[in-house]
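# Structure assessment
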Amino acid sequence: MYRRIYNVPSVRFRSAFEQLDRMRRQFDRFLGDDAGGDRGMLGAGVFPQINLTEDADRFYLRAELPGVTSDDIAMQATAKNLSISGARKIESESDGVKYHRREREAGNFSRMITMPTEIDPDRIEARLKDGILTIRVPKAEAVKPRQISIN
Amino acid sequence: MKDNETKELKVKEKQELASPAELTRPGLVFTPSVDIFENEREIVLLADMPGVQAQALNIDLRDNTLTLEGGVESFEADGEEAVLIEYEVGKYYRQFSLSEVIDQNKIDAQLNNGVLRLTLPKVEKAAPRTITVQAG
């Protein structure tokens, strides 16, 4: 079950009718003219795509960035936002090569991500390995859930 | 050869493979994006396979068919709850038929930053020989 962030609709169904409605729309898309390009992504449509997960203490943000080294990425954080920008480079090959296929792309990217709660920007840890960027973002102390005991 | 472009990268949804064979373990399979080019000596293949480590990468070449298979670890540790999931994680699989005969002993594979660079040297064609005809 996903939380609501930036008005992305949650996958929870509020009523049985809404579930049927969603099924109908999915079938329409399935049988209709959907060419497979625009599948109605739930995400923001900005590169890179991210997966954001959390536990009690931290958020975990992951992105797939093949071919990107840590020199090519810049990250900045405030108490509420995290921004990732950089460039994917593709090395040019020697002259005289003939291409059969060319599917990979090079270019710049820049994305700002708003965290669901306040975070502690001073203790963020980031790791880039095998083309996967993993960022551990500690939540601010004030927003961590507290156990309340009942007398 | 091609100069570095300074355009913005767009989101490209990962291509899921409609796999003909049933997988022994459940999971998604994606086709990695590749660049393939050649010069006189060799064919070079570059594949984006983020999350694949060297020991999980399987490269097979037989009967002129090249098969790439890369396993990825599911990254979510236990105890993590999803907040926003924009992409799926799954292994990579792609097959190619090669037109050239490859010298299998000299194949070179490099895996860096989630990009596989596979160099396939072509078999040296026999140098043309003139054949003298004995008169007799």
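Definitions and limits used
Residues numbered from 1 in each chain as written. Chains lettered and ligands numbered in written order. Predicted model: local features only at pLDDT ≥ 70, side-chain atom pairs only at ≥ 80, totals over all residues. Contact = placed C-beta atoms within 7 Å. Helix = DSSP H or I, 4+ residues; strand = E, 2+ residues; numbered from the N terminus. Nonpolar A, V, L, I, M, F, W, Y, C, P; charged D, E, K, R; others polar. Pairing = 2+ DSSP bridges. pLDDT = per-residue confidence, 0-100. Axes fitted to C-alpha atoms, helices over the stretch in contact; angles between N-to-C directions.

Interfaces are often sized by the accessible area lost when the parts come together. Counting residues at the interface gives 39 residues for chain B, matched by 49 residues for chain A. Among the secondary structure elements, those contributing two or more residues to the side of chain B that touches chain A are β2 (34-38), β3 (42-48), β4 (52-62) and β6 (81-85) of chain B. Split by residue class, the side of chain B that touches chain A holds 17 nonpolar, 9 polar and 13 charged. In terms of strand pairing, strand β5 (residues 98-102) of chain A meets β2 of chain B through 4 bridges, oriented antiparallel. Each bridged residue has a counterpart across the sheet, and for Y99 of chain A the counterpart in β2 of chain B is F37 of chain B.

A separate point is the confidence of the model for chain A. Looking at chain A as a whole, its pLDDT mean stands at 81, while 75% of the residues score no less than 70. Confidence drops under a pLDDT of 50 for residues 33-41 of chain A, and excluding neighbours within four residues, the segment shows 4 contacts in the predicted structure.

Here E80 of chain B lies in the loop between β5 (65-72) and β6. Note: C-alpha distance between E80 of chain B and G27 of chain B (53 residues apart in sequence) is 19 Å. Non-local contacts of E80 of chain B, meaning those with residues more than four positions away in its chain, are made with T53, E54, D55 and Y60 of chain A.

Bringing the sheet that holds β4 of chain B into the picture now. Residues and elements named next belong to chain B. Judged by pairing direction, the sheet is mixed, and its 4 strands sit side by side in the order β1-β7-β5-β4 without closing on themselves. Two strands close off the open sheet at either side, each with one partner strand: β1 (29-30) and β4. Of the strand pairs in this sheet, β5 and strand β7 (residues 91-97) are connected by 6 bridges, and their pairing is antiparallel. Bridge assignment links T65 to a residue of β7, and that residue is S97.

This brings us to the sheet that holds strand β8 (residues 132-138) of chain A. Pairing within the open sheet is antiparallel, and its 5 strands lie in the order β7(A)-β8(A)-β2(A)-β1(A)-β6(B). Two strands lie at the open edges of the sheet, namely β7 (125-129) of chain A together with β6 of chain B, each paired on one side alone. Strand-to-strand twist of the sheet, defined as the mean angle between neighbouring strand axes without regard to direction, takes the value 15°.

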